Amino acid sequence: MSQVSETMSARASHWRRGGVWVLRIVVAGVLLAAAVPKLADPAAFAAKLPNYRLFPEFLVNIVATTAPMLELVAALALLSGRLYRGGVWLSVGLMAMFTALIGSALARGIDLDCGCFGNAVQAEPVGALDLVRNVVLLGLTVVLAIDLGREPAQ
Amino acid sequence: MRRDVRELLALLAAGLVLGLVHLALRPDMPWVPEPRVEETMCGEVEPAPAVEVPAASFAPVEPMSSPGPEDVR
């Protein structure tokens, strides 16, 4: 009887690890896809930031280079497993921040291109779909954070 | 928990330092950007006014040379 439960438990753990790996790859892929175009052309991203009407002028260029670098660092941590726990929390923070920024722009009725993926995608005004996408991504990172409490997935 | 915070701080520091180095290596991006030029609705740069408006003066205004019709009664 205990052998059966052990087998089932091992199988569940196996599936959980598989699911966590899929989440890691999805979240890291999105972060990489967002970071690389912005790092390649930070000036273009910097030109979009003032449209949020949130950043003081002296911070625009600093945010334009550090934010994609944080995305890159988080993605590498998720993929490599090195500083994984920090990578998960950084992903949660980044996604929460991006979701708040988009939500704030929508709430204020600002018609802007979010610049989320730099110039890799065609510029379109931010909409509810972008907010839903970010909420889903935030949810995925939160699932990874909850999984941290179980056992370290390597 | 303490390990999580330590790792998060390490990644934050790495990202910030790398981001600032990236900014320093971009001569086209100054640390503090110049004030933005206001644009019109069509995306064109607003031209500067051609004639400068004279500064306000407290000198007495000269009377009109000829009286208006309401003054000739």
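A. Inspection of the overall build of chain A at higher detail. Each helix and strand in chain A was counted, giving five helices and zero strands. Starting at the N terminus and walking to the C terminus, you meet the elements of chain A as α-α-α-α-α. A separation of at least 24 residues holds for 72% of the contacts in chain A among residues at least 6 apart in sequence.

B. Expanded view of the nonpolar core. Membership of the largest hydrophobic core comes to 43 residues, with the highest contact counts inside it found for A:Leu31, A:Leu78 and A:Leu144. Among the elements of the structure, helix 1 (2-40), helix 2 (42-48), helix 3 (60-80), helix 4 (84-107) and helix 5 (128-148) of chain A together with helix 1 (2-24) of chain B are those that each provide at least two residues to this core.

C. Representation of the pattern of salt bridges. Taken as a whole and judged by the stated rule, the model has seven salt bridges over all chains. Among the ionic pairs, B:Arg26 bridges to B:Asp28, the shortest N-O distance being 3.0 Å.

D. Molecular detail of the interface of chain B and chain A. Contacts between chain B and chain A engage 24 residues on the former and 26 residues on the latter. Summing both partners gives a buried area of about 2,200 Å² for chain B against chain A, and 70% of it is carried by carbon and sulfur. Summed over the shared surface of chain B and chain A, the result is one salt bridge. The interface formed by chain B and chain A contains six residue pairs in polar contact (both at pLDDT 80 or more). Across the side of chain B that touches chain A, the residue classes break down as 14 nonpolar, three polar and seven charged.

E. Quick look at the layout of surface pockets. All names here are of chain A. As a volume, the largest pocket reaches approximately 370 Å³. If you trace the largest pocket, you find 28 residues lining it, with Lys 38, Glu 71, Met 97, Phe 98 and Leu 101 closest to the centre. For the lining of the largest pocket, the element with the most residues is helix 4, which contributes eight residues. Of the residues that constitute the lining of the largest pocket, the class distribution is 22 nonpolar, three polar and three charged.

F. Region of interest: the side chain of A:Lys38. Take A:Lys38: it is sitting in helix 1. Apart from the residues within four sequence positions on either side, A:Lys38 is in contact with A:Phe45, A:Pro68, A:Glu71, A:Gly115, A:Cys116 and A:Gly118.

G. Molecular detail of the packing of helix 3 of chain A against helix 1 of chain B. At a closest axis distance of 7 Å, the pairing of helix 3 of chain A and helix 1 of chain B adopts a crossing angle of 135 degrees. Between helix 3 of chain A and helix 1 of chain B, the angle falls in the class oblique. In terms of crossing hand, the pair formed by helix 3 of chain A and helix 1 of chain B is right-handed. Contacts from A:Asn61, A:Ile62, A:Thr65, A:Thr66, A:Met69, A:Leu70, A:Val73 and A:Ala77 in helix 3 of chain A reach B:Leu11, B:Leu12, B:Gly15, B:Leu16, B:Leu18, B:Gly19, B:Leu20, B:His22 and B:Leu23 in helix 1 of chain B.

H. Spatial organisation of unusual backbone geometry. Located in the positive-phi region is A:Arg53, a residue other than glycine, with phi close to 55 degrees. The residue A:Arg53 is located in the loop between helix 2 and helix 3 in this model.

I. Region of the structure containing the side chain of A:Asp147. Here A:Asp147 shows up in helix 5. Within the local environment of A:Asp147, its side chain forms a polar contact with the side chain of A:Arg16, the two groups lying 2.4 Å apart.

J. Broad picture of a nonpolar patch on the surface. A contiguous nonpolar surface patch, about 400 Å² in accessible area, is contributed by A:Phe58, B:Leu20, B:Trp31 and B:Val32. In this structure, B:Leu20 sits in helix 1.

K. Representation of the packing of aromatic side chains. Residue and element names in this part refer to chain A. According to the stated counting rule, one finds one aromatic pair over all chains in the structure shown. Plain terms: the ring middles of Tyr 52 and Phe 55 are 6.4 Å apart, the flat faces sit at 80 degrees to each other, and that makes the pair edge-to-face. Positioned above the aromatic ring of Phe 98 is the side chain of Lys 38, whose terminal nitrogen or guanidinium carbon lies 5.6 Å from the ring centre.

L. Quick peek at the state of the cysteines. Inspection of every chain in the model, using the stated rule, returns one disulfide over all chains. Two residues, A:Cys114 and A:Cys116, share a disulfide whose sulfurs are 2.1 Å apart.

M. Region of the structure containing the packing of helix 3 of chain A against helix 4 of chain A. All names here are of chain A. Put simply, helix 3 and helix 4 touch, their axes get as near as 8 Å, and they point 140 degrees apart. With respect to helix 4, the axis of helix 3 lies oblique. Note that helix 3 runs across helix 4; the crossing there is left-handed. Across from Leu 70, Glu 71, Val 73, Ala 74, Ala 77 and Leu 78 in helix 3, the residues of helix 4 making contact are Tyr 84, Gly 87, Val 88, Leu 90, Ser 91, Leu 94 and Phe 98. Among the residues forming the contact of helix 3 with helix 4, the class breakdown is ten nonpolar, two polar and one charged.

The rules behind each value
Residues numbered from 1 in each chain as written. Chains lettered and ligands numbered in written order. Predicted model: local features only at pLDDT ≥ 70, side-chain atom pairs only at ≥ 80, totals over all residues. Heavy atoms only, no water. Helix = DSSP H or I, 4+ residues; strand = E, 2+ residues; numbered from the N terminus. Contact = heavy atoms within 4.5 Å. Core = buried A, V, L, I, M, F, W, Y, C linked by side-chain atoms within 4.5 Å. Buried < 20%, exposed > 50% of the residue type's maximum accessible area, 1.4 Å probe, protein only. Salt bridge = Lys/Arg side-chain N within 4 Å of Asp/Glu carboxyl O. Buried area = accessible area lost by both parts, 1.4 Å probe. Polar contact = N/O pair within 3.5 Å; in protein donor to acceptor, adjacent residues only side chain to side chain. Nonpolar A, V, L, I, M, F, W, Y, C, P; charged D, E, K, R; others polar. 1 Å grid on protein atoms, 1.4 Å probe; cavity = no way out; pocket = protein on both sides within 12 Å on 5 of 7 lines; lining within 4 Å. Points joined across faces, edges and corners; volume = space filled by probe spheres on them. Axes fitted to C-alpha atoms, helices over the stretch in contact; angles between N-to-C directions. Parallel < 35°, antiparallel > 145°, perpendicular 65-115°, else oblique. Left-handed = near helix turned anticlockwise from the far one by under 90°. Patch = residues over 30% accessible without salt bridge, like charges linked within 9 Å, V, L, I, M, F, W, Y side chains within 5 Å. Areas by Shrake-Rupley, 256 points an atom, 1.4 Å probe, with all protein chains shown as cover. Phe/Tyr/Trp six-rings, centres within 6.5 Å; stacked < 30°, edge-to-face > 60°. Lys NZ or Arg CZ within 6 Å of the ring centre and 35° of its normal. Disulfide = S-S within 2.5 Å.

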